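Read off the chains here:
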Amino acid sequence: MFWDHAIETLDRASLRQLQLKRLQATVRRVARKVSFYREQFSQARLRPSHIGALADVRRLPFTTSADLRANYPSGLLAVGLDDTLRLHTSSGTTGKPKALFFSRQDVANAAELCARCLVMTGVTRGDVFQNMMTYGLFTGALVMHYGAEKVGCLVIPAGPGNSEKQLLLMLDFRSTAVHVTPSYALYFAGFLESKGIDPRRDLALRRAFVGAEPYTEDTRRKIEQALGVDVFNSYGLSEMNGPGVAFECEHKHGMHLWEDHYLLEIVDPQTGEPLPEGEYGELVLTTLCREAMPLLRYRTRDITAVVPEPCPCGRTHRRLQRIRGRSDDMLIVRGVNIYPQQIEQVLMSLPQVGRNYLIVLDGLDEMTVKVELAQTSFDGQVEHLVHLENEIVSRLRAEILTRPKVELVPPGSLPVSEGKARRVIDNRKL
Ligand SMILES: [Zn+2]
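It should be emphasised that the depicted structure is a prediction, and the values quoted were computed from it without experimental measurement.

So, how was this worked out
- One numbering rule holds for all chains: residues counted from 1, following each sequence as written.
- Whole-chain, interface and lining totals are the exception, using all residues; otherwise, since this is a predicted model, local features are given only for residues with pLDDT of at least 70 and side-chain atom pairs are given and counted only at 80 or more.
- Hydrogens are left out, water is left out, and the side-chain values use all remaining heavy atoms of the structure.
- Nonpolar cores were defined as sets of buried Ala, Val, Leu, Ile, Met, Phe, Trp, Tyr and Cys residues, with membership established by side-chain atoms within 4.5 Å.
- Only protein chains enter the accessibility calculation, which uses a 1.4 Å probe; a residue is then buried when its area is under 20% of its type maximum, exposed when over 50%, and partly exposed in between.
- A helix here means a DSSP run of H or I that spans at least four residues, while a strand means a run of E at least two residues long, and both kinds are numbered starting from the N terminus.
- We call two residues in contact whenever any of their non-hydrogen atoms come within 4.5 Å of each other.
- By convention in this document, the label disulfide applies to cysteine sulfur atom pairs within 2.5 Å.
- Salt bridge, as used here: a side-chain nitrogen of Lys or Arg that lies within 4 Å of a carboxyl oxygen of Asp or Glu.
- Donors, by definition, are the N, O and S atoms found within 2.8 Å of a metal, the threshold being 3.2 Å for Na, K and Ca, and water is not counted, so a site can look incomplete.
- A four-donor site is called tetrahedral if each angle lies between 85 and 135 degrees; a four-donor site is square planar, and a six-donor site octahedral, when trans pairs exceed 155 degrees and the remaining angles lie between 65 and 115; all other cases are labelled irregular.

Enquirer: Could you clarify how one ought to interpret the nonpolar core in this entry?
Expert: Counting residues in each nonpolar core, the largest one holds 71 residues, and the members touching the most others are Leu23, Leu60, Leu118, Phe129, Tyr235, Leu285 and Leu320. When residues of this core are assigned to their parent elements, the largest contribution, nine residues, is made by helix α5 (residues 104–120). What leucine 118 contacts, discounting residues up to four positions off in sequence, is Val123, Phe129, Met144, Gly147, Ala148, Val151, Phe209 and Phe247. One finds Ile343, Ile359, Val371 and Ile400 within the second-largest nonpolar core, a separate group that totals 22 residues.

Enquirer: Just to check I follow, could you spell out the state of the cysteines for this structure?
Expert: The term disulfide refers to a covalent linkage connecting the sulfur atoms of a pair of cysteines. By the definition in use, this model includes zero disulfides. In this model cysteine 114 remains outside any disulfide bridge; the closest cysteine sulfur is found in cysteine 117, 5.7 Å from its own. According to the relative accessible area criterion, cysteine 114 is buried, its value standing at 0%.

Enquirer: For this particular structure, what's the right way to read the pattern of salt bridges?
Expert: Pairing between side chains becomes possible if they bear opposite charge and their charged atoms approach one another. Under the definition given, this model contains 26 salt bridges. The salt bridge partner of aspartate 230 is lysine 252, with a shortest N-O separation of 2.7 Å. Here aspartate 230, found in strand β7 (residues 230–237), pairs with lysine 252, found in the loop between β8 (242–248) and β9 (255–257); they are 22 residues apart in sequence, far enough to count as distant. The salt bridge partner of arginine 395 is glutamate 391, with a shortest N-O separation of 2.7 Å. Here glutamate 391 and arginine 395 lie together in helix α12 (residues 382–400), a separation of four residues that amounts to about one turn. One continuous salt-bridge network, built from bridges that share partners, spans Arg12, Glu259, Glu277 and Arg318.

Enquirer: Just checking my understanding: could you explain the coordination of the zinc ion for this structure?
Expert: For a metal bound by four donors in tetrahedral geometry, the ideal donor-metal-donor angle is 109.5 degrees, whereas six donors in octahedral geometry ideally sit at 90 or 180 degrees. Coordination of the zinc ion by the protein comes from Cys249 (SG), His256 (NE2), Cys311 (SG) and Cys313 (SG), over a distance range of 2.1 to 2.3 Å. Its four donor atoms give the zinc ion angles of 102 to 119 degrees at the centre, a pattern that matches the tetrahedral case. Each donor residue of the zinc ion lies on one chain, and together they are spaced C-x6-H-x54-C-x1-C.

Enquirer: Quick question: what am I supposed to make of unusual backbone geometry here?
Expert: If a residue is not glycine, its phi is most likely negative; likewise, a peptide bond is most likely trans. Backbone torsion omega between tyrosine 72 and proline 73 reads 0 degrees, so that peptide bond is classified as cis. With respect to the helices and strands, proline 73 occurs in the loop between α4 (65–70) and β1 (84–90). The phi torsion at alanine 212 lies on the positive side, around 80 degrees, for a residue other than glycine. Assignment of secondary structure puts alanine 212 in the loop between β6 (207–210) and α10 (217–227).

Here you go:
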């Protein structure tokens, strides 16, 4: 189950050599073609010839989301507009979007990497691939679409939503694979249930590629159970071509990042200093093959770690752990870095816990987690509640390495927000 066996299993020494050659070429190109990087290099008195080893990547400047916005629309282009083939954008919370250009080679490379990802999970040309991601300026659907076509699947560009139509397509064309966000996958599972559809009996689905939003192992299990599929975790970002940056293999333990195309670093989100392998920090990526818009040391703000051991599948490209959250969401409590996602993961693994929770920080670093009980577990028996509270405290302590207070509250008693839930209230006076 390899798309390109030679490159996917290339020995580490050759892979690193290839990375260095491509890094040097990228640095030389941006120094010539992109005035933003040329100025940064001259301020740092840096010349492309200073990059003699992979570790020298640390001498290069970081590129941030703000740099992409400041250079909107085409300030970071390394080719003429005539040599661009496609434009995607990535929207942020405020202001102008980030403009992301692709050359002909970039479009081809993106499809190639997606093909590697799909084949790695067992997809073949016989598959029917129902793409339930958003088509349009967002890279999510279109880039994977071309990857699935490259493998030779029948691709159905369904887009998200309209569950009646999704089901009709699935039934009539016997879709075997879907590409979907975790939130829509869960919603769709509920829709199937309401229609009396048993996916194992009525549908031909076998695999779901789930990404674009972080989700937990527990959510993976829920989707697998409800849709009768194997769920594979997918990671990408528009700044790096979109989907196909990293993907799970059949072992479903960490996502192989295609290191012949991306140079990865994990840094401390506060200091920007590199962290030892295996530690969680911010993922920083340098493009090694991008033609239209090469980016040096791009701060993804995604928190992850490298899986230290080699993978039994034989691929030599290192794996990333499931994304733990965004660096902007990081809390520092008693000197420990904590991500709300870690707390959510612990809470959602307990069936007695409901959907809502709130993290409150008070005084001098006091942390209280208010947890709504599930409807069914609220029997009013005090000893049950005390037992559950202790259980949550000890599980949280094991995960976040600090001991929070836990307060159980009745179902429906925490404020429900429209849209993105507010999970943290910080009243600390530090
Ligand atoms: Zn593997």
